[in-house]
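These are the residues of each chain, in order.
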Amino acid sequence: MPTLDDIRAARERLGDAVGGTPCRPANSADRLGGDGVWLKFENFHPTGSFKERGALNKLSQLDDDERRRGVITASAGNHAQALAYHARRLGIEATVVMPAATPLIKVSNARRHGAKVVLHGATFDDAVEEALRRREEEGQVLVHAFNDEAIVAGQGTLGLELVEKFGDELGCVVVPIGGGGLISGIAIAIKEQLPGVRVVGVEAAAAPSAKASLDAGEIVRIETQDTLADGIAIKRVGEVTFPLLKKYVDEVVLVDDEEIAAAIHLLLEREKTLVEGAGAAGFAALLHDKIERPAERATVAVLCGGNIDVNILSRIIDRGLVADGRLARLVVTVRDRPGMLTKVTAAVARLGANVLESAHSRAFADISVGEVAIILSLETRGSDHVEEIVAALEGEGYEVEREVQ
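Residues numbered from 1 in each chain as written. Predicted model: local features only at pLDDT ≥ 70, side-chain atom pairs only at ≥ 80, totals over all residues. Heavy atoms only, no water.

Chemist: Looking at this model, I keep getting lost on the sheet that holds strand β3 (residues 71–74). Mind explaining?
Modeler: The strands making up a sheet associate through hydrogen bonds between their backbones, and the pairing can be parallel or antiparallel. If you walk across this open sheet you meet the four strands as β5-β4-β3-β6, and the pairing is parallel. Strands with a single pairing partner mark the edges of an open sheet, and in this sheet they are β5 (116–119) and β6 (141–142). Taken together, the two bridges between β3 and β6 define a ladder with parallel strand orientation. Within β6, the position partnered with isoleucine 72 by the bridge is leucine 142. Set on the sheet, helix α7 (residues 124–138) makes contact with β3, β4 (94–98), β5 and β6; between it and β3 the angle comes to about 160 degrees. (Pairing = 2+ DSSP bridges. Helix = DSSP H or I, 4+ residues; strand = E, 2+ residues; numbered from the N terminus. Contact = heavy atoms within 4.5 Å. Axes fitted to C-alpha atoms, helices over the stretch in contact; angles between N-to-C directions.)

Set out below in structure tokens:
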């Protein structure tokens, strides 16, 4: 098993090439049930995730022959980018095998950092099989995304930073779990110095491989489903990480995609930071009361990555606005006469809402022949404002239905 000394040695190797990241109080106390939550911004690394810590620690320990052969890895995205970035810095050729459905931003970034990118298979495990096959044929050094002691030790440098910042004031650390490399390293660094601190892992409900293995008492392979948290959608944890999870992790909880999406939206709006699905999982667990926080001591949520596809982000923002009532769709039934649209939109304007879209429906609406349904997409101040608009329109004699998400 990696040790605390291994993690301290990793930090010496990283030096200034992988600097510490900010850790700040959350601005969302009203949504989190009070103060005391801090955020560790691992999305601030040059490649957008914590993976640089482990990747550089591993690369720094290769001998001359291994550097000459080059490295190969399988990754859902962030490890690929980190390995490519630091391999190029060190003059090492890197090949990364990524699942075919990997978000475009992660694929293009890995290429931009100098890696040869191979898209293969539907899942991370498919990519691993292809990386192993290519290693046998081509002779590169395999750098596993999490099942490697040097990788775990490198990720553990994050835990050293938290101990040094908080000391005895640290109460709980909340960490997303994929293969278990990040939480294992953090847990070693913290538990070996502050054994009373709780270390809680968070998985996507669509891919609970660590929880399934811990519940079974042995490594089990699960089938995963599609999830916003693609970076932690792993079918099985590693042989290196599983004993560390058993020894050091206090609890593993699950969050679903709706909870993750709400967390991404709140982090963007309140914390002014862009976080991907996997990176937001820990914050999502706190936001939705999945974790009991210690009183009068700090709880830290690790925002482990920020590489999110902009198309997914756009959908999350729209859904978040709908959930908050700031985007609303009303169906207003009126007599099918000239000027009715103008009357309805004028009433909405007087109430301070902005009409984004409008449409008429005659043939497909459940209305009489002499009526028309006016469908309005509105920008509002929130749910209370929407209710005010509905009440006002009904007060003018219109039949109003609010379409829900």
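Having seen the structure, we can now continue with the description.
Chemist: What exactly am I supposed to notice about the layout of surface pockets here?
Modeler: Summary: where empty space remains is shown by rolling a probe the size of a single water molecule over the atoms. For the largest pocket, the calculated volume is near 750 Å³. As for the largest pocket, its lining consists of 33 residues, of which Ala101, Asp226, Thr227, Leu228 and Asp230 are closest to the centre. Elements with a contribution of two residues or more to the lining of the largest pocket: α6 (104–112), α13 (257–270), α14 (277–287) and α15 (310–323). Here the lining of the largest pocket is composed, by residue class, of 15 nonpolar, seven polar and 11 charged. (1 Å grid on protein atoms, 1.4 Å probe; cavity = no way out; pocket = protein on both sides within 12 Å on 5 of 7 lines; lining within 4 Å. Points joined across faces, edges and corners; volume = space filled by probe spheres on them. Nonpolar A, V, L, I, M, F, W, Y, C, P; charged D, E, K, R; others polar.)

Chemist: Looking at this structure, I do not really get the side chain of aspartate 125. What am I missing?
Modeler: Mapping aspartate 125 onto the fold places it in helix α7. What makes aspartate 125 buried here is its relative accessible area of 10%. (Buried < 20%, exposed > 50% of the residue type's maximum accessible area, 1.4 Å probe, protein only.)

Chemist: I keep staring at the state of the cysteines and nothing clicks. Help me out?
Modeler: Linking two cysteines covalently via their sulfur atoms produces the bond known as a disulfide. Under the criterion given, the structure shown has zero disulfides. Counting only cysteine sulfurs, cysteine 172 is the nearest neighbor of cysteine 23, a cysteine outside any disulfide, at a range of 13 Å. Take cysteine 23: its relative accessible area is 10%, and that puts it in the buried class. Residue cysteine 172 is classed as buried on the basis of its relative accessible area of 0%. (Disulfide = S-S within 2.5 Å.)

Chemist: For this particular structure, what's the right way to read the environment of isoleucine 232?
Modeler: With respect to the element layout, isoleucine 232 can be found in the loop between α11 (209–216) and α12 (241–248). Owing to a relative accessible area of 5%, isoleucine 232 belongs among the buried residues under this scheme. In this structure the C-alpha to C-alpha distance between isoleucine 232 and leucine 356, which are 124 residues apart in sequence, comes to 37 Å.

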